Amino acid sequence: MTEPATQAPIRRHPFARWRRWLPRAAFESLLIVFSVVLALALTNWAEERRTAHRVAEMRGFLIQEIRTNRADLGSDYYIPHHQRLKNTFGQAGGRPGAIVTRRGAEPAIAALFSSGIHLMIPGDAVWSSISASDLFEHMDAQELFLLARVYRAQETLESTNRAGYENAVGLLDILTDENDAHRQMMRMTIFLEDLIQQETNLLRLYDQALAEMDPKAPPPAATRTDDGAAPKG
């Protein structure tokens, strides 16, 4: 009696196992990649939000700094005062062709030294802070150009102010030497005229910057810059 032949075991091709877990492996890989991409996107979004908040905050501080400087410069303490001083020096001989004596110059010198020149030092703390940070690259280019003009004009005004002290001190020479009186009086009158022009230009830049950066705010009050004010002192 013959024994039945044993059936040989069926061998599965190795690729059959791959076909069972390959879809799952691919899904899990895609899930990992998606998670990494999503995490990076969320991180970038959060960083952009933080940067946008910092830019908006600094922009608000800049508007306030410019508005404060504009209010100071637009007061009667500066431009109208300088107009009165210029008129006083002009009437005392600080103009071409005038004959200046010590007695004629004394009222203008007395007016200057009794009131002072009133030289403004505009604030720039916010601008200096932004300049030292990386926020510039996230701000509007047109606004940056306008702000650069504003703060450059402030630096020019400060340089002119420093010259004002030298001119004022030089007037003391008139009290001991009349030979240089006309030149000294002319020098002070020209300084005051240049100072007024720079202050008026800075006011215009302030108004332009505020209109560009904060258009919903009411416009600043008009500032008198004419020569009609009566001399004081």
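Residues numbered from 1 in each chain as written. Predicted model: local features only at pLDDT ≥ 70, side-chain atom pairs only at ≥ 80, totals over all residues. Heavy atoms only, no water.

Engineer: Sorry if this is basic, but what is going on with the nonpolar core here?
Structural biologist: It is characteristic of soluble globular proteins that their nonpolar side chains tend to be buried jointly. By size, the foremost hydrophobic cluster in this structure holds 47 residues, and its most contacted members are Leu 62, Phe 89, Leu 112, Leu 147, Leu 171, Met 185 and Met 188. Of all the secondary-structure elements, those providing two or more residues to this core are α1 (14-73), α2 (79-91), α3 (102-115), α4 (125-131), α5 (141-170) and α6 (181-213). The biggest single contributor to this core is α6, with 14 residues. The contacts of Leu 112, once residues within four sequence positions are left out, are Leu 85, Phe 89, Ile 117, Ala 168, Leu 171 and Met 188. (Core = buried A, V, L, I, M, F, W, Y, C linked by side-chain atoms within 4.5 Å. Buried < 20%, exposed > 50% of the residue type's maximum accessible area, 1.4 Å probe, protein only. Helix = DSSP H or I, 4+ residues; strand = E, 2+ residues; numbered from the N terminus. Contact = heavy atoms within 4.5 Å.)

Engineer: I keep staring at the side chain of Gln 154 and nothing clicks. Help me out?
Structural biologist: If you trace the backbone, Gln 154 turns up in helix α5. The exposure class assigned to Gln 154 is buried, which follows from its relative accessible area of 2%. A distance of 2.6 Å separates a polar atom in the side chain of Gln 154 from a polar atom in the side chain of Tyr 206. In this structure, Gln 154 is in contact with Asn 69, Pro 122, Gly 123, Asp 124, Leu 202 and Tyr 206, ignoring residues within four places of it in sequence. (Polar contact = N/O pair within 3.5 Å; in protein donor to acceptor, adjacent residues only side chain to side chain.)

Engineer: What exactly am I supposed to notice about the pattern of salt bridges here?
Structural biologist: Taken as a whole and judged by the stated rule, the model has 7 salt bridges. Salt-bridge contacts for Asp 214 lead to Arg 67; the nearest nitrogen and oxygen are separated by 3.1 Å. On the criterion of sequence distance, the pair formed by Asp 214 in the segment after α6 and Arg 67 in helix α1 is long-range, its members being 147 residues apart. On the accessibility criterion, Asp 214 (25% relative accessible area) is partly exposed. Two residues, Lys 86 and Glu 193, come together in a salt bridge whose shortest N-O distance is 2.7 Å. (Salt bridge = Lys/Arg side-chain N within 4 Å of Asp/Glu carboxyl O.)

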